[in-house]
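Examination of the molecular architecture
The chain contents come next:
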Protein chains: 2
Amino acid sequence: MAPVAQAAHGRRADLARLSLNTATTKHLTLAEAAAAAAAAGLSAIGVWRDRVQEVGADQAARVVADHGLRVSSLCRGGFLTTPDPDAAGAALEDNRLAVREAAALGTHELIMVVGGLPACPAPGAGARPYPSADPGAADPARDLVATRRRVADRIAELAPYAAEHGVRLALEPLHPMFAADRAVLSTLGQALDLAAPFDPDVVGVVVDTYHVWWDPDLARQVARAGAEGRIASYQVCDWVLPLAAEPLNSRGHVGDGYVDFATVTRWVRDAGYTGDVEVEIFHEDVWATPADRTLATMAERHVRHVLPHL
Amino acid sequence: MAPVAQAAHGRRADLARLSLNTATTKHLTLAEAAAAAAAAGLSAIGVWRDRVQEVGADQAARVVADHGLRVSSLCRGGFLTTPDPDAAGAALEDNRLAVREAAALGTHELIMVVGGLPACPAPGAGARPYPSADPGAADPARDLVATRRRVADRIAELAPYAAEHGVRLALEPLHPMFAADRAVLSTLGQALDLAAPFDPDVVGVVVDTYHVWWDPDLARQVARAGAEGRIASYQVCDWVLPLAAEPLNSRGHVGDGYVDFATVTRWVRDAGYTGDVEVEIFHEDVWATPADRTLATMAERHVRHVLPHL
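The model shown is predicted, which means the values in this text are computed figures rather than measured ones.

Some details on the relation of the copies chain B and chain A
Between chain B and chain A, which share one sequence, the superposing operator has a rotation angle of 180° and an axial displacement of 0.0 Å; the RMSD is 0.0 Å. Such a combination of turn and shift is consistent with a two-fold rotation axis. When each C-alpha of chain B is compared by its distance to the rotation axis, B:A245 comes out closest, at 2.9 Å. Taken together, the interface assignments show that 100% of the residues at the interface of chain B recur at the interface of chain A, consistent with an identical surface on both copies.

What to know about the nonpolar core
Nonpolar side chains tend toward joint burial in soluble globular proteins. A:L169, A:W239 and B:W239 are the most contacted members of the largest nonpolar core, which totals 194 residues. Once residues lying within four places of it in the same chain are set aside, the contact partners of A:W239 are A:H175, A:M177, A:Y210, A:W213, A:G257, A:Y258, A:V259, B:M177 and B:A180.

Observations regarding helix 11 (residues 291–306) of chain B
Residues and elements named next belong to chain B. Relative to the 22 Å expected for 16 residues at 1.5 Å per residue, helix 11 spans 21 Å between its end C-alpha atoms, a close match to the ideal helical length. For helix 11, the complete set of buried residues consists of A291, T294, L295, M298, A299, R301, H302, V303, H305 and V306. Looking at the buried side of helix 11, the elements it contacts are strand 1 (18–21), helix 1 (30–39), helix 9 (261–270), strand 10 (277–279) and helix 10 (284–287).

Description of the packing of helix 8 (residues 218–227) of chain A against helix 9 (residues 261–270) of chain A
Residue and element names in this part refer to chain A. Remark: helix 8 packs on helix 9, axes separated minimally by 8 Å, with the N-to-C direction vectors making an angle of 30°. With respect to each other, helix 8 and helix 9 are oriented roughly parallel. Once helix 8 is placed against helix 9, the crossing between them reads as right-handed. Contacts between helix 8 and helix 9 involve L218, A219 and V222 from the first element and V264, W267 and V268 from the second. Residues belonging to the contact of helix 8 with helix 9 are distributed by class as follows: six nonpolar, no polar and no charged.

A few points about the packing of helix 1 (residues 30–39) of chain A against helix 3 (residues 57–66) of chain A
Residue and element names in this part refer to chain A. It is the contact of helix 1 with helix 3, at a shortest axis distance of 9 Å, that shows an interaxial angle of 20°. In this view, helix 1 runs roughly parallel relative to helix 3, as classed from their interaxial angle. Our pair here, helix 1 against helix 3, has a crossing hand that is right-handed. Judged by residue contacts, L30, A31 and A34 of helix 1 engage A60, V63 and V64 from helix 3. Taken together, the residues of the contact of helix 1 with helix 3 sort by class into six nonpolar, no polar and no charged.

Things to note about the sheet that holds strand 1 (residues 18–21) of chain A
Residue and element names in this part refer to chain A. If you trace the eight strands once around the closed barrel, you get 1-2-3-4-5-6-7-10, paired in parallel fashion. Neighbour-to-neighbour, the strand axes of this sheet turn through a mean angle of 30°, independent of strand direction. Two strands pair when backbone bridges link them, and strand 1 and strand 2 (residues 44–48) are joined in this way by three bridges, in the parallel orientation. Within the sheet, the bridge partner assigned to N21 lies in strand 2 and is G46.

Considering the interface of chain B and chain A
The partner chain A presents 45 residues to the 45 residues of chain B that form the contact. Note on chain B versus chain A: buried area summed over both sides is about 3500 Å², and carbon and sulfur give 65% of it. Taken as a group, B:R142, B:W214 and B:Y258 account for 17% of the area that chain B buries against chain A, more than any other trio of residues on that side. At the boundary of chain B with chain A, the tally comes to zero salt bridges. Along the contact surface separating chain B from chain A lie four residue pairs in polar contact (both at pLDDT 80 or more). Secondary structure elements with two or more residues in the side of chain B that touches chain A: helix 5 (144–164) and helix 11 of chain B. Of the residues that constitute the side of chain B that touches chain A, the class distribution is 26 nonpolar, 10 polar and nine charged.

Remarks on the packing of aromatic side chains
Per the counting criterion, the structure on display carries nine aromatic pairs over all chains. With centroids separated by 5.5 Å and ring planes inclined at 85°, the aromatic side chains of A:W214 and B:W214 adopt a geometry described as edge-to-face. Taken together, the positions of A:W214 in the loop between helix 7 (209–212) and helix 8 and B:W214 in the loop between helix 7 (209–212) and helix 8 (218–227) put the pair across two chains. Of the two residues, A:W214 and B:W214, both sit in the buried class.

Section: unusual backbone geometry
Residue and element names in this part refer to chain A. Residue R76 is reached from C75 by a cis peptide bond, and omega for that bond is -5°. Here R76 is to be found in strand 3 (residues 70–78). The residue after L241, namely P242, is reached through a cis peptide bond having omega 0°. Its place among the elements puts P242 in the loop between strand 8 (238–239) and strand 9 (251–252). Even without glycine at this site, F79 takes up a positive phi of about 50°. Structurally, the position occupied by F79 is in the loop between strand 3 and helix 4 (85–105).

A short note on the pattern of salt bridges
All names here are of chain A. The full count for this structure, using the stated rule, is 34 salt bridges over all chains. A salt bridge links E228 to R230; the shortest N-O distance between them is 2.9 Å. The class for R230 is buried, based on a relative accessible area of 5%.

Thoughts on the state of the cysteines
Tallied over the full model, the rule gives zero disulfides over all chains. In this model A:C75 remains outside any disulfide bridge; the closest cysteine sulfur is found in A:C237, 12 Å from its own.

Section: the confidence of the model for chain A
Residue and element names in this part refer to chain A. On average, residues of chain A score 92 in pLDDT, and 91% of them are at 70 or above. Every residue in residues 1–8 is under pLDDT 50, and counting partners more than four places away or in other chains gives eight contacts. The low-confidence segment residues 124–130 (pLDDT under 50) makes 13 contacts with residues lying over four places distant or belonging to another chain.

Conventions we followed
Residues numbered from 1 in each chain as written. Chains lettered and ligands numbered in written order. Predicted model: local features only at pLDDT ≥ 70, side-chain atom pairs only at ≥ 80, totals over all residues. Heavy atoms only, no water. Least-squares fit on C-alpha atoms with pLDDT ≥ 70 in both. Contact = heavy atoms within 4.5 Å. Core = buried A, V, L, I, M, F, W, Y, C linked by side-chain atoms within 4.5 Å. Buried < 20%, exposed > 50% of the residue type's maximum accessible area, 1.4 Å probe, protein only. Helix = DSSP H or I, 4+ residues; strand = E, 2+ residues; numbered from the N terminus. Expected span 1.5 Å × (residues − 1). Axes fitted to C-alpha atoms, helices over the stretch in contact; angles between N-to-C directions. Parallel < 35°, antiparallel > 145°, perpendicular 65-115°, else oblique. Left-handed = near helix turned anticlockwise from the far one by under 90°. Nonpolar A, V, L, I, M, F, W, Y, C, P; charged D, E, K, R; others polar. Pairing = 2+ DSSP bridges. Buried area = accessible area lost by both parts, 1.4 Å probe. Salt bridge = Lys/Arg side-chain N within 4 Å of Asp/Glu carboxyl O. Polar contact = N/O pair within 3.5 Å; in protein donor to acceptor, adjacent residues only side chain to side chain. Phe/Tyr/Trp six-rings, centres within 6.5 Å; stacked < 30°, edge-to-face > 60°. Disulfide = S-S within 2.5 Å. pLDDT = per-residue confidence, 0-100.

Structure, rendered in structure tokens:
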């Protein structure tokens, strides 16, 4: 491998666009994750709200800045699908807080995971089948079409607030295997349709390889997202098999699975995306690995599988 | 519940379009499954090739006819994605055999599960990561676009043979969580694009709720499939959570999960589909249940969740 160029503060030029999402180093505090990212030569970090809220958004911003990092995104707003008005009000209020946190952190991108069906247990609550409706009756708890309409309505409610704070709602389509329990937003095309009524600087989309790699319409929709100026984040991790018992935690390092990173990365590049490439891996094995080794693997895979096509 | 109308041979009028797919009663021979279906009042059965080949296609046809049943479909052809010419030749030959078996069974519909990426282990072979390509190089084993093109080429090779035998290749989009290992055909729209060059009587599509329920474009594509005369089979089972350790065997009885059967069934009805409704459930618990109980549950759920909208 060619010698690695070193910039000021130990930054590596070849990692200039690589960002550590703190979910990848789940057991680290924000300060620890920022230190690990900086030590590995990265310039950016994507942060989850739990690690931000532990210290408060203002202090979190200082911690990140002290390590010379920028914040590529805040994860996450969303879970906006409930038909219950009180719960919806609380969800919107929490999303407004997320918008303010993003602004305090100095990031433009608030990742949105919109939420699942009303019939489905909340994340972590375990399986709890919802009683079926009467024969022949409508079943609002399983009504995917209506649930998706509610998402559109609530994005419309939030968008002006995000705009006021200089924050973009970055709609993340999740893999269809999460359509019941986590996100009724399942494809990039659907995310772009949802974003269409809004300024691209206010509502954008996330391209996460784990969630969208399978999509036969992906090339066209990535190009569309780029042409509209809506690509808010490019997140990478790999589709590995067999799936973990908790499929949410089934992701692998880039190169360990079946995603064609060369092709997808070229589509994203050709769409004009010049932002960060965030590595967000949910996997027990990765979480059990020392952070410096995880960062080293991330860097090696980035240089090998993503950077040549970026 | 209203009293059940009984027709000749113990057929139930309310189950006139309900078909038992033999995968639902995995441990039964074809004769046992046919007997169970007939005893429950069904008029149709969808058969898998393993159970047909145990007795031979001609004898299988007699067994089914002796129970007064029609064959709603034969499962399955496909697994046509290999880039290796010898393996491709063998796969095509096996598919031609499947066409002849379908013809012998007197069914028009041969369900096609097209196969996964070259990089991915064959079903049942366990996880075996395929070595990555050199940095910057193309990686044919993960090239989803090229793999999908090969499927199109091989459908084109098979179509005339199917036509000669009066059999339709029924392309089944599988849930995107199977895109790597079982089917690079992931959406109904993609299946219809693939079918478009061919006569609708020769290449059709399958609508299986388990695989397509999440699709934001489903209403439109079901209508398109109907307008083109390509709906070869409507298969039903439910999306239940948590996923089983082997996600293939994660399906539930209609009504046990999150699919909105009222809505999807109405779309299929409004698309003009008048064929059978096949219940195909892969689940260890269902397989461990006595067949008469499984059939009783199938019938009850059909009458409750599907029939009112059919």
